[in-house]
Every structure is written in structure tokens, then in C-alpha cells.
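# Coordinate analysis (summary)
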Amino acid sequence: CFLVLLLCSNTLQAQNTDINWLRSVHVGRNTSLDGAMNGITQSAYPVSFAIPAGMLLYGYISDKQQWRHNGWQTVAALGTATIIGYGMKYGIDRKRPYESYPDIVPYHYDTDPSFPSGHTSLAFATATSVSLQYPKWYVVAPAYLWAGAIGYSRMHLGMHYPSDVLAGAILGAGSSFLAYKGQQWLLKRKQKTVKHPVE
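Reading the values: rules and limits
Position labels on residues start from 1 in each chain and follow its written sequence. Where local features are concerned, this predicted model is filtered to residues with pLDDT of at least 70; where side-chain atom pairs are given and counted, the filter is 80 or more; whole-chain, interface and lining totals use all residues. Remark: hydrogens and water are excluded; side-chain values derive from all non-hydrogen atoms of the structure. Each salt bridge in this description consists of a side-chain nitrogen of Lys or Arg and a carboxyl oxygen of Asp or Glu lying within 4 Å of one another. A run of DSSP states H or I qualifies as a helix once it reaches four residues; a run of E qualifies as a strand once it reaches two. Both are numbered from the N-terminal end. A 1.4 Å probe rolled over the protein chains alone gives each residue an accessible area, and that area as a share of the maximum for its type sets the label: buried under 20%, exposed over 50%, partly exposed in between. In predicted models, pLDDT denotes the confidence assigned by the predictor to each residue on a 0 to 100 scale. We call two residues contacting when some pair of their heavy atoms lies within 4.5 Å.

### Regarding the pattern of salt bridges
- Within this structure, the stated rule accounts for nine salt bridges.
- With a shortest N-O distance of 3.4 Å, aspartate 112 and lysine 89 are connected by a salt bridge. Here aspartate 112 is found in the loop between helix H5 (97–100) and helix H6 (118–133), whereas its partner lysine 89 is found in helix H4 (residues 65–92), with 23 residues between them in sequence.
- Look at aspartate 112 and you get buried, because its relative accessible area is 18%.

Given below as C-alpha cells:
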């Protein structure tokens, strides 16, 4: 009985921290920035799909194998983040913050569950993929600045709790890391098969 009470207490405390952090970002925000923040948040899907599409298009047109590999690795990362993210969304089925707290007035209303943030997961999947593929500061810094801005915009607009955004960032980055390592393993396996063909 004590353990149940302790668990409930910790859950309530975590939820209170979550909504308090959201309120600190959303309730007292500069509303003149809402349009710009919506523009940032709406860039998540087109940018996330345009980057691997551009890599693949360039790779096939110019016959550059590395660009093709990078494009497909990014597609795999985005696919993994999307599948796991939607599974978590409908498995956990967390309500959006504005459904539970009347002082959270979103820029627009979404009908799907809140946890994790899909926009954030796609943004961090994209940022992590390009950062692993091209580990230069002028790639890494803008990529994560954009992904971080996506996450912040979701809270600014009242669409997600901070924990939704954090989970989305971890999911996106983790999916990219797994896709990157998985592709490296497949390429090494392919190279071994070429060097030592099975007779």
C-alpha cells in the first residue's frame, strides 16, 4: 500500500513539474512570435523528407554511392522514429495539455495523442542522421539548432508537454543512431561477402 502511494505521489509530482514547465514557456509567451513559431514547427515534416530525398536524387543522378547510402540511412531513421513514435502515441494515449488544463490555449488543435512529440522526433532523427554522416560543426550546429527550435516551438504553441518533447528528441536521435550503426554493419557484411564469396 505504501509503495502504491509513493508511486502515485511521484507520478503526480512529475506531472506537476511537467505542466509548470509548460506554463513557464507557453502562458507568459510573447504572442507576436506565434506565427514565426508555427512556421518553425511546420518545417519539421518537409525538411525531414526533403533532406533524404535530395541525398537520394543527387546520389542516383551523379552515381555517388555514399550519398545514396546516406539517403537510405536517413529514410530508415525516419521510418523507425515514425513507427515507434506512433506505437507509443496510441499505446500510451496521453491527452494533449490543452485537453486537461484550460489555461493552455494552443495555436491550433491536434486530435492525436500527445506523447511523444512526432515533430520533435522527426527533427532530431534528421539532425542526428546528417550529423553522423557529416560530422562538421557547420553541419552539426545548424542541424541541432533547428531540431531544438522545433521542440521549443511545440511547447511555445501549447501543443506538447516538455516530457513529450524530450521523449521525441531521444526517440529521434536513438532511431538515427541505430539506423547508422545498422547500415555500417550491413556494409561491412557485404564487403566481407565480396572479399570471401561463398562457393
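### A closer look at unusual backbone geometry
- In this chain, phenylalanine 115 is followed by proline 116 through a cis amide linkage whose omega measures -5°.
- The phi torsion at aspartate 63 lies on the positive side, around 55°, for a residue other than glycine.
- Take aspartate 63: it is sitting in the loop between helix H3 (44–61) and H4.

### Focus on the confidence of the model for the chain
- Summary statistics for the chain give a mean pLDDT of 89 and a share of 89% for residues scoring 70 or more.
- Contacts for the low-pLDDT stretch residues 1–10, under 50 throughout, to residues beyond four places or in other chains number zero contacts.

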